[in-house]
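# A structural walkthrough
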Amino acid sequence: ILCEDCEKEFSLLDDYGAKVLLVQRHLVEIKDPDSQEILAYRVEGAEIDFDKLRRVFLSIAYRAHLSSVKFFQKINLGPDEKIFFNIIFKGVTDNSLCIFLQYVSSDELEKIAKNSLLDPHLTRIDGINFLKFYLGSGFVLYVKVDKRPAPDPFNLLSLGVQSRIFMIAGDFTKEIDLLKKII
């Protein structure tokens, strides 16, 4: 899709993302104080380069946007394409983009797969547009593509607002008010 140098950069980013999320991940459970149900996970590690990890996630959306493959046809960054490019390739900082992860167990993912397609697509959370990508191994990536601010608690979960990663556990629509209090 892109020039050889760009593809090399993406390969390095992909390798880093896999290393952090799949190989060296350190997940800390965040539980509902009353029921002890796991609501989210926090990824911790002093060695994590959160800026680089943010670029990993943005590069997924950027490449899908540029792709002519039918599987990615629903992905359009619109006027944000330049912002994504500048963050990925020029190291520009822009915290207006909200990026967060959801971690879905294999049982939950199986239920989702039976009822929907797993291709990347546009979805709305509280009326705000997000691109949704199923990354495999239970990870679901959300990237805001909307000029309006992300709703609570997603703005607090966003990688870029802070140097840590929160992953929502399972179906966050049911526990959104509780997540707002805990995060």
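What counts and what doesn't
Residues numbered from 1 in each chain as written. Predicted model: local features only at pLDDT ≥ 70, side-chain atom pairs only at ≥ 80, totals over all residues. Heavy atoms only, no water. Buried < 20%, exposed > 50% of the residue type's maximum accessible area, 1.4 Å probe, protein only. Helix = DSSP H or I, 4+ residues; strand = E, 2+ residues; numbered from the N terminus. Contact = heavy atoms within 4.5 Å. Pairing = 2+ DSSP bridges. Axes fitted to C-alpha atoms, helices over the stretch in contact; angles between N-to-C directions. Salt bridge = Lys/Arg side-chain N within 4 Å of Asp/Glu carboxyl O. Phe/Tyr/Trp six-rings, centres within 6.5 Å; stacked < 30°, edge-to-face > 60°. Lys NZ or Arg CZ within 6 Å of the ring centre and 35° of its normal.

## Side note on helix α3 (residues 81-90)
- The set of residues buried in α3 consists of Phe84, Asn86, Ile87 and Ile88.
- Against α1 (4-23), α2 (50-66) and β6 (139-144) lie the buried residues of α3.
- Among the residues trailing α3, Gly91 stands out with phi positive, at a value near 70 degrees.

## Considering the sheet that holds β6
- Pairing within the open sheet is mixed, and its seven strands lie in the order β1-β2-β7-β3-β6-β5-β4. Only two strands of the sheet have a single neighbouring strand rather than two, namely β1 (27-31) and β4 (121-125). Averaged over all pairs of adjacent strands, the angle between strand axes in this sheet comes to 35 degrees, irrespective of strand direction.
- Contacts between α2 and the sheet are confined to β2 (38-43), β3 (99-103), β5 (128-136), β6 and β7 (165-169), with β5 contributing the most and set at about 100 degrees to the helix.

## What about the pattern of salt bridges?
- Here the structure, examined in full by the defined rule, presents five salt bridges.
- Arg148 serves as the salt-bridge partner of Asp146, at 2.7 Å between the closest nitrogen and oxygen.

## Describing the packing of aromatic side chains
- In this structure the tally under the stated criterion is nine aromatic pairs.
- Where Tyr62 meets Phe85, the ring centres are 6.3 Å apart and the plane angle is 50 degrees; that geometry is what we call tilted. Here the residue Tyr62 occupies a position in helix α2, and Phe85 occupies one in helix α3, the gap between them amounting to 23 residues.
- Look at Tyr62 and you get buried, because its relative accessible area is 6%.
- Through pairs of rings, three or more aromatic residues link up here, namely Phe10, Tyr62, Phe85 and Phe89.
- A cation over an aromatic ring shows up here: Lys52 above the ring of Tyr16, its NZ or CZ 4.8 Å from the ring centre.

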